[in-house]
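Tertiary structure, described
Here is what each chain is made of, one letter per residue.
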Amino acid sequence: MSEQPESAPRKPAARLMIVALVALGLVVRVALALMIGEGQAAQPPGSDEFLAIGKSVTEGKGFVLAQDPLGLPRVAWRMPGYPVLVSAAARLTATSLRGLTVFQSICGAAALIVVGWAAVRLAGLWAGLAAVALVAFDPYQVYFAALAVPVVPTGLALAAAMALGLEFLVSAASSRWAWFWAAATGVALAAAAYLQPWAAGLAIPAGVAAIVARRCRRILAGWAVGTAVLVVCLAPWAARNALRLGVPVLTTDTGAKLYGGTEGLRGTGGEAGKQEPVGEAKGLDEIRQDVSYLRSAAGLMAEHPAAWLKEAALRAGRLWSPGPMLAEDEGPVHPAAGYTSLLPTAVLALLGVWALRRERAVLVWLLLAPLWLTLVQAVLGSAPPDRLVVMPPLAVLGGVGLLAILGRGKTANTGAPI
């Protein structure tokens, strides 16, 4: 007997369940955003800087962090994307933080739609349902939508880039729309970079993967289109910084982040403790401070390479640790939430890797963002919550993995192995 009569009624059921999960995810996120106090919403590290720059934009002073430790203004300390959201919330709503977190809740629900669409594209409706469930029931994804940090909007932008890139891979060999998907991927990646600058660096591993792709020059051409669009989108901010600072940088905190990752080396004795940055002590400008930090960090890394590599490995491990993301005084989330957040997705994602082992182009694309963030975390250091922004592609892999266990999924053939 044909399986069609049995499978056909299940498709509307799967669609309804996906819609229900997205609606439930939106309601839960908005409810928490309306319940949480503004003081708690602004408590995470770095939130005060984003809010201060957003206030400066609202007051017409531009993207300026009022003062550094020396009392000097910083004009490129953070990317402008999140301060724009802060300023828009202040202009459009009576309570700026409440308006910001409600918007982030909508972004979180939109990410569910993108994740579900990508998983359905790869392995069918039930894979989409599983992928949406993995993100919808992630307690940290829900909680961080109610905090004044760019985790959730960045996650949406990267999820969009992931889904659009998948569409390019699936259509690269046969559709003239492939170039549109490649360009749209560049736009989405630029949106993520305007929120978190490390996202722009995803073009580097994507380019390496495109160069080594076999029998498919169209992938390399698509990468070139997407990267060109990314550069064009970021050019206005780089040009603004070139006019203000003399150098077309995206941010001026790279040196400080790299130097912050050498904290363990400064206590190892010998000359390491003397390798302090001179930028702040001499009152250098913003660019020269950044360079000073870079030089100081490079000196410590060169003097103690083994110790630095150990610290880098520990930072990468903390990024993917299922332990708590927040200190006890930073939020009400139970320490066990990390296990319910990461472990189900990680286990199913590993199964998804196995299921997509023959679709290497798709597999590499889904793994690029998590691997790149791991490298960034190891070198520059970031906060464990940054892991949340790269969970959508892992959720897609998880949906595919669950279907592989059940033996019911069929993945899309890209025709472009890597």
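Up top you'll find the structure we're talking about.
Below is a summary of the structure that appears in this document. Model, not experiment: these values are computed from the prediction.

Thresholds, definitions, all that
- Residues numbered from 1 in each chain as written.
- Predicted model: local features only at pLDDT ≥ 70, side-chain atom pairs only at ≥ 80, totals over all residues.
- Heavy atoms only, no water.
- 1 Å grid on protein atoms, 1.4 Å probe; cavity = no way out; pocket = protein on both sides within 12 Å on 5 of 7 lines; lining within 4 Å.
- Points joined across faces, edges and corners; volume = space filled by probe spheres on them.
- Helix = DSSP H or I, 4+ residues; strand = E, 2+ residues; numbered from the N terminus.
- Nonpolar A, V, L, I, M, F, W, Y, C, P; charged D, E, K, R; others polar.
- Patch = residues over 30% accessible without salt bridge, like charges linked within 9 Å, V, L, I, M, F, W, Y side chains within 5 Å.
- Areas by Shrake-Rupley, 256 points an atom, 1.4 Å probe, with all protein chains shown as cover.
- Salt bridge = Lys/Arg side-chain N within 4 Å of Asp/Glu carboxyl O.
- Buried < 20%, exposed > 50% of the residue type's maximum accessible area, 1.4 Å probe, protein only.
- Phe/Tyr/Trp six-rings, centres within 6.5 Å; stacked < 30°, edge-to-face > 60°.
- Lys NZ or Arg CZ within 6 Å of the ring centre and 35° of its normal.
- Contact = heavy atoms within 4.5 Å.

Take empty space enclosed by the protein next. Counted by the stated rule, this structure contains 3 cavities of 30 Å³ or more. Approximately 480 Å³ is the volume found for the largest cavity. What lines the largest cavity is a set of 29 residues, and nearest its centre among them are Thr185, Ala206, Trp223, Trp365 and Leu368. When residues of the lining of the largest cavity are traced back to their parent elements, those giving at least two are helix H8 (151–171), helix H9 (178–195), helix H10 (203–211), helix H11 (217–245) and helix H16 (360–379). Forming the boundary of the second largest cavity are Arg29, Gly108, Ala111, Val135, Gln141, Val151, Val152, Gly155, Leu156, Leu388 and Pro392. Elements supplying a minimum of two residues to the lining of the second largest cavity: helix H5 (96–123) and H8. Across the lining of the second largest cavity, the residue classes tally to 7 nonpolar, 3 polar and 1 charged.

Turning next to a nonpolar patch on the surface. Together, Ile204, Val208, Ile211, Val212 and Leu220 line one region of the surface with nonpolar side chains, adding up to about 470 Å² of accessible area. Per-element tally for the nonpolar patch: the top contributor is H10, with 3 residues. Tracing the sequence through the fold places Leu220 in helix H11. Taking relative accessible area as the criterion, Leu220 reaches 35% and is therefore assigned partly exposed.

So, about the pattern of salt bridges. Counted according to the given criterion, the structure contains 5 salt bridges. Among the ionic pairs, Glu49 bridges to Arg78, the shortest N-O distance being 2.7 Å. Of this pair, Glu49 sits in helix H3 (residues 47–58) while Arg78 is found in the loop between H3 and helix H4 (81–92), placing the two residues 29 residues apart along the sequence. Residues Glu49 and Arg78 agree in their burial class; the two are buried. One salt bridge connects Lys257 with Asp253, and the closest N-O pair in it is separated by 3.4 Å. Classification of Lys257 as partly exposed rests on a relative accessible area of 32%. One continuous salt-bridge network, built from bridges that share partners, spans Glu49, Arg78, Asp253 and Lys257.

Within this structure, the stated rule accounts for 8 aromatic pairs. Look at Tyr143 and Phe144: their rings are 6.1 Å apart centre to centre, the planes differ by 85°, and that puts the pair in the edge-to-face class. Grouping aromatic residues by their ring pairs yields a cluster made of Tyr140, Tyr143 and Phe144. For the cation-ring pair, Arg74 lies above Trp77, with the distance from its terminal atom to the ring centre recorded as 3.9 Å. Lying across the ring of Trp354, Arg357 places its NZ or CZ 4.2 Å from the centre.

With respect to the helices and strands, the residue Val86 is situated in helix H4. Separated by 62 residues in sequence, Val86 and Ala148 place their C-alpha atoms 8.6 Å apart. Dropping the residues within four chain positions of it, Val86 is found in contact with Phe50, Leu51, Gly54 and Leu100.

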